[in-house]
Protein chains: 2
Amino acid sequence: MRASDRAYATLHSDIINWRLTPGTVLGEVELSERLGVSRTPIREALAKLTAEGLAEPQSGRGMVVSKISLDHLDELFELRSALECRAAELAAKRGEPEIFSALHRQLANAGELITEEDPTRADYYQLAADLDVAVDAAVANHYLAQALKNLRVHLVRVRRLGKDNPARLRDAAREHAAIALAISNGNPAVASAATTVHLDNSLRHLLSTAA
Amino acid sequence: MRASDRAYATLHSDIINWRLTPGTVLGEVELSERLGVSRTPIREALAKLTAEGLAEPQSGRGMVVSKISLDHLDELFELRSALECRAAELAAKRGEPEIFSALHRQLANAGELITEEDPTRADYYQLAADLDVAVDAAVANHYLAQALKNLRVHLVRVRRLGKDNPARLRDAAREHAAIALAISNGNPAVASAATTVHLDNSLRHLLSTAA
DNA sequence: ATCTCTATTTATGTATACACAAAGGCATGG
DNA sequence: CCATGCCTTTGTGTATACATAAATAGAGAT
């Protein structure tokens, strides 16, 4: 594996998981010493992160971990809505009903996954990710999938802005279940509408509970 | 200006304008000699182009100018539809009516711009670009604008796949005029529908005339 | 005390040298 | 004549040295 890939993967994960918080300075020398590689692969990694929107050039010199402001959360969700609603529509047209009815069943029971034992909600988020993967596969559109992938990077970061709220997560699971059901029923309009509803609820919840 | 930026701008323009055709090998040494800079800024430029989708890694070693296949044109237009329909909706909600009614007037008369004297159709495409800019400004959404910017890079390349057809261009101008009108009227549903119609016509024209 | 100009320092931008891996050619054996 | 293995060659991946621009700190003047 290339050193630049390792550096990228490390930094990517560190930013996504808030080990590197927004605004942190990403100095090339410091990173090269910390990760044990030279500046060249570090620069390559930073270029990738910049293209992804996880790092951004500071005024004048240097790079910082990109800021996440609540001010622009509505903009992020507008793009999300455009992409996910269309994706849900296309999945409803093209997907295998069995796959999504199976996901529907799992999501309908996902409330049980949200327990005190799993404070990171890993099981729930894994199930939500499974739905995303199934939608991507059903849509079978490389360009749309790429746009969604770029978007999800930011969504994962944003998740931490909201307080953990089991009740909201159980609602979200039900909303996901509704989306999966509409797709399995081959109903594009309902799939899109259910997605719109889910995103609106998510955004409002985030904005109301964010620190 | 940084050497890496110049190298990027040069390569970007060369690929967009088909001076570098899809599949062309992008060797670092060759490019560094041709552009008169060392390999380091060349690598930086290639990384940017890769992120943009204009260059892609070849199997094993090296990079090539990314391929454009008609097979995936429908996928590209699905993404385009998702983004532009939503953008048109939001512009209809938020835009200044005067700006778009002015664009409507210009586009309604754009047929006159398509003459024998301008084989590149620069005037027409400039007007279409003006509409894009106005929509972006009205939408005022950084994330959506960025996604559209990434997309348009590919659309410019794709344009050359179709034969030049003055009749189709005049139709396209009318379709653009319809979009501008709906936006100036503050009617999101019609703006979105007009965009859908326009994109469908564009795609079908491309697929029917492509070499 | 504050402002400004300068000098120093530090980090980035670029060039280049070296290491290594993959592609291609050549020779040898079947 | 074809296949296989080795060797050469070429180009990428990484490290590092050097150049340059920006930030900072300090000294001097107002």
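Residues numbered from 1 in each chain as written. Chains lettered and ligands numbered in written order. Predicted model: local features only at pLDDT ≥ 70, side-chain atom pairs only at ≥ 80, totals over all residues. Heavy atoms only, no water.

Novice: What is the right way to read the environment of Thr195 of chain A from this model?
Specialist: Residue and element names in this part refer to chain A. Mapped onto the elements, Thr195 comes out in helix α9 (residues 188-209). Take Thr195: its relative accessible area is 3%, and that puts it in the buried class. Along the backbone, Thr195 and Glu84 are 111 residues apart, and their C-alpha atoms lie at a distance of 7.0 Å. Beyond its immediate sequence surroundings of up to four residues, Thr195 is in contact with Glu84, Cys85, Ala88 and Ile179. A distance of 2.8 Å separates the side chain of Thr195 from the backbone oxygen of Ala191, its partner in a polar contact. (Helix = DSSP H or I, 4+ residues; strand = E, 2+ residues; numbered from the N terminus. Buried < 20%, exposed > 50% of the residue type's maximum accessible area, 1.4 Å probe, protein only. Contact = heavy atoms within 4.5 Å. Polar contact = N/O pair within 3.5 Å; in protein donor to acceptor, adjacent residues only side chain to side chain.)

Novice: What's the story with the protein's contact with DNA strand C in this structure? I'm lost.
Specialist: Around DNA strand C, the surrounding shell holds 17 residues, and the nearest of these are Arg39 of chain A together with Arg2, Ala3, Ser38 and Thr40 of chain B. Taken together, the sugar and phosphate atoms account for 53% of what DNA strand C places within 4 Å of the protein. Taking Arg39 of chain A, its side chain carries an N or O atom lying 2.9 Å from a base nitrogen of DNA strand C. One of the backbone nitrogen or oxygen atoms of Ser38 of chain B is found 2.6 Å away from a phosphate oxygen of DNA strand C. At the level of secondary structure, the elements contributing two or more residues to the surface near DNA strand C comprise α2 (28-35) and α3 (39-52) of chain A together with α1 (3-16) and α3 (39-52) of chain B. (Near = heavy atom within 4 Å.)

Novice: It is not clear to me how the protein's contact with DNA strand D should be interpreted in this structure. Could you clarify?
Specialist: With respect to spatial proximity, 17 residues lie near DNA strand D, and among them Arg2, Ala3, Ser38 and Thr40 of chain A together with Arg43 of chain B are the closest. Restricting the count to atoms of DNA strand D within 4 Å of the protein gives a sugar and phosphate share of 58%. Ser38 of chain A is positioned with one of its backbone polar atoms (N or O) 2.6 Å from a phosphate oxygen of DNA strand D. Arg43 of chain B has a polar side-chain atom sitting 2.3 Å from a phosphate oxygen of DNA strand D. Those elements that place two or more of their residues in the surface near DNA strand D are α1 (3-16) and α3 of chain A together with α2 (28-35) and α3 of chain B. The element contributing the most residues to the surface near DNA strand D is α3 of chain A, with three residues. Classifying every residue of the surface near DNA strand D gives four nonpolar, six polar and seven charged. (Nonpolar A, V, L, I, M, F, W, Y, C, P; charged D, E, K, R; others polar.)

Novice: What's the story with the interface of chain A and chain B in this structure? I'm lost.
Specialist: For interface size, the figure often reported is the accessible area lost on association. The interface is formed by 21 residues belonging to chain A together with 21 residues belonging to chain B. Sorting the residues of chain A by area buried against chain B places Glu78, Arg86 and Tyr143 of chain A first, and these three jointly supply 31% of that buried surface. Inspection of the region where chain A meets chain B yields four salt bridges. With its nearest N and O atoms 2.9 Å apart, the salt bridge here joins Glu44 of chain A to Arg43 of chain B. Applying the counting criterion to the chain A and chain B interface returns twelve residue pairs in polar contact (both at pLDDT 80 or more). Put simply, the parts of the chain that give the side of chain A that touches chain B at least two residues each are α3, α4 (73-94) and α7 (142-159) of chain A. Per-element accounting of the side of chain A that touches chain B gives the leading share, eleven residues, to α4 of chain A. When its residues are assigned to classes, the side of chain A that touches chain B shows eleven nonpolar, four polar and six charged. (Buried area = accessible area lost by both parts, 1.4 Å probe. Salt bridge = Lys/Arg side-chain N within 4 Å of Asp/Glu carboxyl O.)

Novice: How should I be thinking about the nonpolar core in this particular structure?
Specialist: Residues Leu83 and Phe100 of chain A together with Leu83 and Phe100 of chain B are the most contacted members of the largest nonpolar core, which totals 84 residues. Not counting the four nearest positions on each side in its chain, Phe100 of chain B is found in contact with Ala91, Gly95, Leu131, Ala134, Val135, Ala138, Ala180, Ile183 and Ser184 of chain B. (Core = buried A, V, L, I, M, F, W, Y, C linked by side-chain atoms within 4.5 Å.)

Novice: What am I meant to see in helix α8 (residues 166-184) of chain A here?
Specialist: Every α-helix winds through 3.6 residues per turn, so residues three or four apart in the chain are directed the same way. Residues and elements named next belong to chain A. Helix length check: α8 (19 residues) gives 27 Å between terminal C-alpha atoms against 27 Å at 1.5 Å per residue, within 8%. Arg168, Leu169, Ala172, Ala173, Glu175, His176, Ala177, Ile179, Ala180, Ala182, Ile183 and Ser184 are the residues of α8 that are buried. The opening residue of α8, the one whose side-chain oxygen lies 3.0 Å from the backbone nitrogen of Ala167, is Asn165. Backbone geometry just downstream of α8 places Gly186 in the positive-phi region, at approximately 65°. (Expected span 1.5 Å × (residues − 1).)

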